[in-house]
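Here is what each chain is made of, one letter per residue.
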Amino acid sequence: MAKKQKRYAFLINLERCIGCNACTVSCKSFYDLHPSINRRFVRETSELLTGTPKRNYISTSCNHCDRPACATACPTGAYIKLDNGIVKHNQDRCIGCRMCATACPYGVPQFDPVKKKMDKCDMCVDRLEAGEQPICVVSCPLEAIAIVDLNEIDESQVVADLPGFADSSITGSSTRFILPKGTTVVRGGIKSWNTL
Amino acid sequence: MSKVSRRTFLKGSAVLGALAGIGGTASSFKKIKPAKAAGKKKQVFSSCPRNCYDTCSIVTTVEDGTIKFVTGNMNNTYTNGRLCVKGYTYPNYVYSPDRIKYPMRQKERGSGKWERISWDEAYDIIAKKILEIKKEYGTTLPIALNKYSGNFNVLNNAVEGMLSSWGYTTRAQGTPCWPAGIDSQTFDFGAAVANDPEVMVKAKYLIVWGANPAWTSVHSMSIIERAKENGTKIVVIDPIMTDTASKADEYIGIKASTDGALALGMAKYILDHNLHDMEWMKKNSIGYEEYLNYLRNNITVEWASEKTGVPVEVIERLAREYAAAKPAAIWLGYGLQRHTNGGASVRAIDALAAMTGNIGVAGGGANYAQTECYGFNYAVQSAGTPPEGDKAGGDRMLNMNNFPAQVLAINNDPEQIPIKMLWVACRNPIAQDPEASVSYKAFESIDFIVTADLWFNETVKQSDIVLPVSSIFETWGLTASYWHYWVNVNEPAIEPLYESKSDLEIAMGISKRLNELEPGSCTYPTDRSIEEWISNELADDFIKKFGFKTWRDILEKGTAKVEGYEAAWSDGKFRTPSGKYEFLSETCAANGHHALPVYVEEMEVPKDRPIRLFSPHWKYGLHSQFQNLEWMRSIHNEPFVEIHPALAKKKGIEDGDMVRVESEVGYVEVKAKITHTVPKDAVVIYEAWYKEQNFNANFLLKATPSDMGSYATGQAGLAFHDQFVTVEKI
Ligand code: SF4
Ligand code: SF4
Ligand code: SF4
């Protein structure tokens, strides 16, 4: 029987992510990106995600969508959706018109001011093909990022949507998140409130 | 002063190595194959020397003489092949256009009008100034040194050696970071010796008390996550709901500076319910009866609740859980001791761990710090001894934690030998010292200031001469951690950029010029290679600890572990005068404190400045380093103050508004960030140096001393978190 086609996706564990941006910077370093642009983005998300307030973050890059808006918008066909799920951008075809950046609900494609072309995460496809994990995955000090095959994982254990992250149904974002657990919070009242 | 053990005083340090390419297996990624023959690609081991718990061993990939990538060294099981965000910026650090490239002289301080000079000129100007001072005052005491933790490479202690080789001088002594807690642990245990953090996973229960490893020790945070997944209950006690607290099973938002009360309240409950370990206390401690009597007669859980704001039933439950879990670990952070009663709090927490028999147990402990890995010879430092006949008889010690005020006091007093020249290295005191406005005045009162640095920071801006220092990738080094038990070597990865030199080379250069101008005026050796210097640093018995034959063996893996600290103090041989754990410490009493770990009242909140200011460490910087870099700026580039929504509402402040935060000694204007994660009666400003922005949290801070520190580190610490402000919308 033929092996089922893979659908590679990022799985971000919010219970582990500390919002440190080591992923962003290691990627930037490895690919020698222009200093002004990044392929990964770490944002704060709602403090009330689990009820009691706490610090929560979402680390995302390209979401390698099922219906990539960048690819639809691009006038030169610089984007292709590979069989393994990865959305790849071909800089040789790119004319830097930024249509993709406007179309992407996540604002993923970035304009490289020197190359005058767009740039975005390709899930380190060359590394994956060589049997290695992406740089952000191996760099995250909390091991919060994983590459999964959406055909293999139990979707009931993960979510595709979070506050502050565009609705995954628009373009079929493949990124999945493990939600953080709640923390029991004990916070004493203050007495001198009226004098503050 | 005196009493300072050199190791504790120095806190950091390092050593060196020879050349060798290392296999690609050392790295978590396999970008390139190891260098073959005269290959153009190579990987070398580097070591991050910042004042950081994690002190990482780094694998640096170099192609055609250029650093392409850095990542963690897999050989070091603590580093685990990964770095923090700061570490990953190193290529940007090295090749930043902002680096100081040449020796330079500033026409007028603060003017930014720098002119390039040659090293010969720089050495000449400096050497002549030293000789002039010596001639005028008959001593080199008017020359002061302010150096600390910007780079803990042991070779940088050449700067101390260099000054000694001119004669007796004036020194900034002490450490701002952790002294109160170091004293406490010295009184209780005889020294601060934490369990190896890699065994923290063995804890059944872990209290992270006043530490934020999610930002300041990411590798330990990873260990904590692993422990949590193994079923360890994680409790974080902190006035701020930090990123560490956000990962905990339970967060206790304690009232600042009352940590001692919580520890004593828990201990009282444990005693009342007979959950303490009498056997351990009898066998291993002295003064336990007095301590238990103190609990019986003076402490109630209700009182502890009143003090801390933590409900009685929560204190009782924490006490039960902590006492029942075997083993249970406590990590004491440096934050909780940055108070006027901080040392006393640490002693109370130590006592809680001891009375439950959690000392000497893997997965237990009252873990604060350790200096067991600093087995260096400090040869770079001892190579400098004052020339014969220096009549001063000794260095003049100033308190690093109140340096500017003490400099001004001296320079305003005609009876005292003034401070005419200042050497700054591995430090940005204007950004890091409290009372920044006093720092500026102190600098103004000094005739001649030389700073050796990589960046045009605030301190450099107030200097006359700046000397360009090499990055870690351009020189040799050796570093040890004060938390984990690894020692790392740092091999040069590339040639020094521009005209930069290491602090050690600068020391030798100055010495050479001094002796040309006046033979015998400087004793610092000038003829040793850097490799010779480093080979002098590792003592034979230290090398044997690693099973090495020569120091060069460390080059093979870049890192080596000092074994045997899974359960510090398990031999029951405490380094106190009694040889036991001292609940009752005569040494502590002799130093002006209580003999017992009693509660010391916290500082009173001033009525006119009722809001507490915290200025803890920032995640994208280590003190004044890293946040200035372009890569970091592409992620974040705006200082801010965290305010609780309730306080913001009361003050009419909305998210993004500019606010004025004002203390007794100064003010800053910053953007408000509204968050539920800070207490309602406090604000948080993270200290950092932002490039070309008029921001320095230390304008707000007073140099209020903490209760302890002078016994083991020479000077009391700073009550960084007993600072009070008003906050208004601009
Ligand atoms: S490196 Fe890991 S922990 Fe840090 S922000 Fe990225 S995903 Fe989160
Ligand atoms: S998968 Fe690769 S390209 Fe994409 S964000 Fe991670 S490191 Fe960057
Ligand atoms: S700052 Fe600390 S955690 Fe980051 S790379 Fe350096 S030693 Fe490692």
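What you see is a predicted model, and the numbers here were worked out from it, not measured in a lab.

## Considerations on the overall build of chain A
Looking only at helices and strands, chain A has five helices and ten strands in total. For chain A, the spread of C-alpha atoms along the principal axes amounts to about 65 × 50 × 30 Å. Considering chain A as a whole, with its 196 residues, one finds that 54% of them fall into the buried category. Taking the contacts inside chain A whose residues are at least 6 apart along the sequence as the reference set, 61% of them involve residues at least 24 apart. When the accessible surface of chain A is split by element, carbon and sulfur atoms take 53% of a total near 8500 Å². Side chains of chain A give 25 positive and 20 negative charges; the mean places of these two sets differ by 4 Å.

## Some details on the site of ligand 2
Lining the immediate environment of ligand 2, one finds 13 residues, of which Cys27(A), Cys121(A), Met123(A), Cys124(A) and Cys136(A) sit closest. In terms of residue class, the shell around ligand 2 is built from nine nonpolar, one polar and three charged.

## Points about the sheet that holds strand 23 (residues 640–643) of chain B
Residues and elements named next belong to chain B. The sheet built from six strands closes into a barrel, its strands ordered 22-26-23-25-24-27 with mixed pairing. Strand-to-strand, the axes of this sheet are offset by a mean angle of 45°, without reference to chain direction. Judged from the five bridges that link them, strand 24 (residues 658–662) and strand 25 (residues 667–674) form a sheet pairing that is antiparallel. Note that in strand 25 the partner of Val661 across the bridge is Val668.

## Notes on the sheet that holds strand 3 (residues 66–72) of chain B
All names here are of chain B. As summarised here, the arrangement of the three strands in space is 1-2-3, forming an open sheet in which the pairing is antiparallel. This sheet does not close on itself; its edge strands, each paired only once, are strand 1 (41–47) and strand 3. Going from strand to strand, the sheet's axes swing by 25° on average, the running direction of each strand aside.

## As for the domain arrangement of chain B
All names here are of chain B. One can read the domain layout of chain B as domain 1 (104–174 + 374–471 + 500–545), domain 2 (195–368 + 574–590) and domain 3 (611–729). Between the C-alpha centres of domain 1 and domain 3 there is a distance of 30 Å. Between domain 1 and domain 3, the contact holds 21 residues from the first and 21 residues from the second. Of the roughly 1800 Å² buried between domain 1 and domain 3, counting both surfaces, carbon and sulfur atoms make up 50%. Scanning the region where domain 1 abuts domain 3 turns up zero salt bridges. Counting across the domain 1 and domain 3 interface gives 15 residue pairs in polar contact (both at pLDDT 80 or more). Residue composition of the side of domain 1 that touches domain 3, grouped by class: eight nonpolar, ten polar and three charged.

How each quantity is defined
- Residues numbered from 1 in each chain as written.
- Chains lettered and ligands numbered in written order.
- Predicted model: local features only at pLDDT ≥ 70, side-chain atom pairs only at ≥ 80, totals over all residues.
- Heavy atoms only, no water.
- Helix = DSSP H or I, 4+ residues; strand = E, 2+ residues; numbered from the N terminus.
- Buried < 20%, exposed > 50% of the residue type's maximum accessible area, 1.4 Å probe, protein only.
- Contact = heavy atoms within 4.5 Å.
- Areas by Shrake-Rupley, 256 points an atom, 1.4 Å probe, with all protein chains shown as cover.
- Lys, Arg positive; Asp, Glu negative; His and termini not counted.
- Charge placed at Lys NZ, Arg CZ, Asp CG, Glu CD.
- Near = heavy atom within 4 Å.
- Nonpolar A, V, L, I, M, F, W, Y, C, P; charged D, E, K, R; others polar.
- Pairing = 2+ DSSP bridges.
- Axes fitted to C-alpha atoms, helices over the stretch in contact; angles between N-to-C directions.
- Domains from an automatic or database assignment.
- Buried area = accessible area lost by both parts, 1.4 Å probe.
- Salt bridge = Lys/Arg side-chain N within 4 Å of Asp/Glu carboxyl O.
- Polar contact = N/O pair within 3.5 Å; in protein donor to acceptor, adjacent residues only side chain to side chain.

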